Amino acid sequence: MHICVIGSGYVGLVTASVFSDLGNDVICVDSSEKRVETLLSGECPIYEPRLPELLDRNRREGRLQFTTSTPFGVAPSEIVFICVGTPSLTNGQTDLSQVESAARDIANSLNGYKIIVNKSTVPVGTGDFVRRVIEEHRPNGKNFDVVSNPEFLREGQAVRDTLQPDRIVIGASSEKAANRMRELYRPLDCPVLVTDICSAEIIKYASNAFLATKISFINAVANLCEESGADVKAVAKGMGSDIRIGPHFLEAGLGYGGSCFPKDVDSLIHTSVELGIPFNILQQVAEENAVRVPRLAKRIIKRLGDDSGNSLKNKTIAILGLSFKPDTDDMREAKSIELCGLLLKAGAHIRAYDPVATDNARTILGEDGVTYCKSAYDAAEGADAAVFVTEWREFIQLDLHRLREALRQPIMFDGRNIYSPGEVSAAGIEYHCIGRGVFPPGGNP
Ligand SMILES: NC(=O)c1ccc[n+]([C@@H]2O[C@H](COP(=O)([O-])OP(=O)(O)OC[C@H]3O[C@@H](n4cnc5c(N)ncnc54)[C@H](O)[C@@H]3O)[C@@H](O)[C@H]2O)c1
């Protein structure tokens, strides 16, 4: 099939490269000249495992092109995916300006029947909105269908998720469009759920909101564990062994971040209020999430601060992990941003390390009070505590004795419960974690 993908970010690039790898001819459009130049030069503008190889192979074999021109992408294509950003406005509402602009550009480029597929995460009713925008701007008589095909990929494993999705959701108002979409996804071995457009749009938000709820729920349980002496890991294991609950998304920590969960939860809250049926549980989910980082910052300041307990003046903190989650360079809504902000405000100097997100982090955190380091050990050099913010795999294998030797004070705050208290304590490091208490150095492994 001939496909156009508008928006060459995390979702658009992965979608385009996987469809081209399945034998389709794909043209990727992006309004950013810089991004298209990077892609044309053979480079991958984002860090996503397996993506560079896919881009490279399909570009070389002539199935994948890049352009800033929407007409160039739309003209030969039967299916046009919209994969542009849908950030939040300050009131939680979704900013649909990128979607609107993409829809207008598509309308102006129509030269025959097209299926316009919304893959961006958009509030219920946006399918209708896109249809209206296209109707308003299309040349006379050019026919089209709008489809909602929400994306569920996870950054860090986006290629795998796109090739082996748990399910494909197709919201369509015409049998013709639904059948062509089924045809497109036929090579993937997974359940395909065909619904109306509104249901497909809500499936995406309800899924993300439910996962966010699980995260805030276990974090609230972690608070109970901290106060009562229980171990949240044991509690989560006990809960997750119940097949009605399941073990996933029950890791207590610093809460959800990233480019999706925070804005999608806010958007669904906003939609529910607009529809007159406030989704109160979600409000609590967002509130619990918002206190995770301040709670850890408070613990760090209490343990390391001066007599007043407020200041981290003359203290150095190693921040290990900057991206919002492992295996990505994405810093959108990363917990490290908020935590570094609070620690800097308290007067600390930060020594930061991330395996891939340092360049992106530098543009957000700046250089003032922050030293960017080459490794976890380098970051720990002379620091008064090591704080783990992102659970990168390479941190799991750290030599804790070497880490202790690098630190000025052997203290660790593990915001993701990466380690077992015994091993950290046995390495001579005081261990603070989430929902499991505090462990002095010198314990048994
Ligand atoms: N990133 C994820 O993990 C993920 C997962 C599922 C769903 N989503 C959703 O997918 C959508 C895209 O997310 P993303 O992370 O890929 O965003 P992104 O910011 O990485 O990419 C969006 C791209 O669209 C381009 N763009 C914006 N307006 C354009 C226009 N009018 N024409 C052409 N290009 C345009 C931007 O330059 C940018 O490169 C969002 O709605 C998001 O909520 C994201």
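Residues numbered from 1 in each chain as written. Predicted model: local features only at pLDDT ≥ 70, side-chain atom pairs only at ≥ 80, totals over all residues. Heavy atoms only, no water.

### A closer look at the site of the ligand
Where we set the bar: Only heavy atoms are used to decide nearness, and a residue is near a molecule or strand if one of them lies within 4 Å of it. Any N or O atom pair separated by 3.5 Å or less is treated as a polar contact, with the protein-specific requirement of one donor-capable and one acceptor-capable atom, and with residues adjacent in sequence counted only for side-chain atom pairs. Using a 1.4 Å probe, the Shrake-Rupley method yields the accessible areas, and only the shown protein chains count as cover for residues. Secondary structure elements are taken from DSSP: a helix is a run of H or I of four residues or more, a strand is a run of E of two residues or more, and numbering for both begins at the N terminus. Domain start and stop positions are those given by an automatic or database domain assignment.
Taken together, 27 residues form the shell around the ligand, and within it Val11, Asp30, Thr86, Glu155 and Lys263 come nearest. Contacts to the ligand include threonine 86, whose side-chain N or O atom sits 2.5 Å from an oxygen atom. Within the side chain of lysine 263, an N or O atom sits 2.7 Å from an oxygen atom of the ligand. Contact with the protein chains removes 88% of the 830 Å² of surface that the ligand exposes when unbound. Counting only elements with at least two residues in the shell around the ligand, the list comes to helix 1 (10-21) and helix 5 (97-109). Examining the composition of the shell around the ligand, we find that three residues originate from one element, helix 5, more than from any other. A domain-level breakdown of the shell around the ligand finds at least three residues from each of domain 1 (2-195) and domain 2 (204-290).

### A closer look at unusual backbone geometry
Counted only if it meets this: Between buried and exposed lies partly exposed: a residue is buried under 20% and exposed over 50% of the maximum accessible area for its type, with that area taken using a 1.4 Å probe on protein chains only.
The backbone of arginine 50 sits at a positive phi, close to 75 degrees, despite the residue not being glycine. Residue placement: arginine 50 occurs in the loop between helix 2 (33-40) and helix 3 (51-60). The exposure class assigned to arginine 50 is partly exposed, which follows from its relative accessible area of 43%. In the Ramachandran plot, aspartate 327 falls in the positive-phi region, its phi being about 65 degrees despite a non-glycine side chain. In this structure, aspartate 327 sits in the loop between strand 9 (316-320) and helix 14 (335-345).

### As for the pairing of strand 7 (residues 168-172)
Residues in a regular strand project their side chains so that they alternate between the two faces of the sheet. What counts here: Between any two strands, at least two bridges found by DSSP are needed for them to pair. Note on handedness: a crossover is taken as right-handed if, strands pointing away from the viewer, the path from the first strand over the helix to the second is clockwise.
Counting buried residues along strand 7, five of its five residues qualify, which places the element largely inside the surrounding structure. The alternating pattern of strand 7 places Ile168, Ile170 and Ala172 and Val169 and Gly171 on opposite faces, both of which are buried. In the sheet, strand 6 (residues 144-148) pairs with strand 7 via two bridges, with the strands oriented antiparallel. Opposite valine 147, over in strand 7, you have alanine 172 as the bridge partner. When strand 7 meets strand 8 (residues 192-195), the two strands line up parallel, connected through four bridges. Paired with valine 169 across the bridge in strand 8 is leucine 193. Handedness of the β-α-β unit built from strand 7, helix 8 (residues 175-185) and strand 8 comes out right-handed.

### Observations concerning the packing of helix 9 (residues 197-228) against helix 13 (residues 292-304)
Test applied: All axes here are fitted lines through C-alpha atoms, helices being fitted over the stretch that makes contact, and every angle between N-to-C directions spans 0 to 180 degrees. Every angle not falling under 35 degrees, over 145, or within 65 to 115 is termed oblique; those three ranges are roughly parallel, roughly antiparallel and roughly perpendicular. It is the rotation of the near helix from the far one that decides the hand of a crossing: anticlockwise by less than a right angle makes it left-handed, clockwise makes it right-handed. In what follows, residue pairs with any heavy atoms lying within 4.5 Å of each other are defined as contacts. Think of it as three bins: nonpolar holds Ala, Val, Leu, Ile, Met, Phe, Trp, Tyr, Cys and Pro, charged holds Asp, Glu, Lys and Arg, and polar takes everything else, Gly as well.
Their axes nearest at 12 Å, the elements helix 9 and helix 13 cross at an angle of 25 degrees. It follows from the interaxial angle that helix 9 and helix 13 lie roughly parallel. Judged by the sense of rotation from one axis to the other, the crossing of helix 9 with helix 13 is left-handed. Residues Asn219, Ala222, Asn223, Glu226 and Glu227 of helix 9 pack against Arg292, Arg295 and Arg299 of helix 13. Residue composition of the contact of helix 9 with helix 13, grouped by class: one nonpolar, two polar and five charged.

### Quick look at the domain arrangement of the chain
Here is the rule we go by: Once two parts are brought into contact, the accessible area they lose, counted with a 1.4 Å probe and summed over both, makes up the buried area. Whenever a carboxyl oxygen of Asp or Glu lies within 4 Å of a side-chain nitrogen of Lys or Arg, that contact is scored as a salt bridge.
Domain annotation of the chain identifies domain 1 (2-195), domain 2 (204-290) and domain 3 (292-439). The gap between the C-alpha centroids of domain 2 and domain 3 is 24 Å. Each partner contributes to the interface: domain 2 provides 22 residues, whereas domain 3 provides 20 residues. Across the domain 2 to domain 3 interface the summed buried area is about 1,700 Å²; carbon plus sulfur atoms make up 50%. Viewed at the interface, domain 3 and domain 2 are joined by three salt bridges. The residue glutamate 226 makes a salt bridge to arginine 299 at a minimum N-O spacing of 3.4 Å. Here domain 2 is connected to domain 3 by 16 residue pairs in polar contact (both at pLDDT 80 or more). Elements supplying a minimum of two residues to the side of domain 2 that touches domain 3: helix 9, helix 10 (232-240) and helix 12 (280-290). Of the residues forming the side of domain 2 that touches domain 3, the biggest block, six residues, is contributed by helix 9. Looking at side-chain class alone, the side of domain 2 that touches domain 3 contains nine nonpolar, eight polar and five charged residues.

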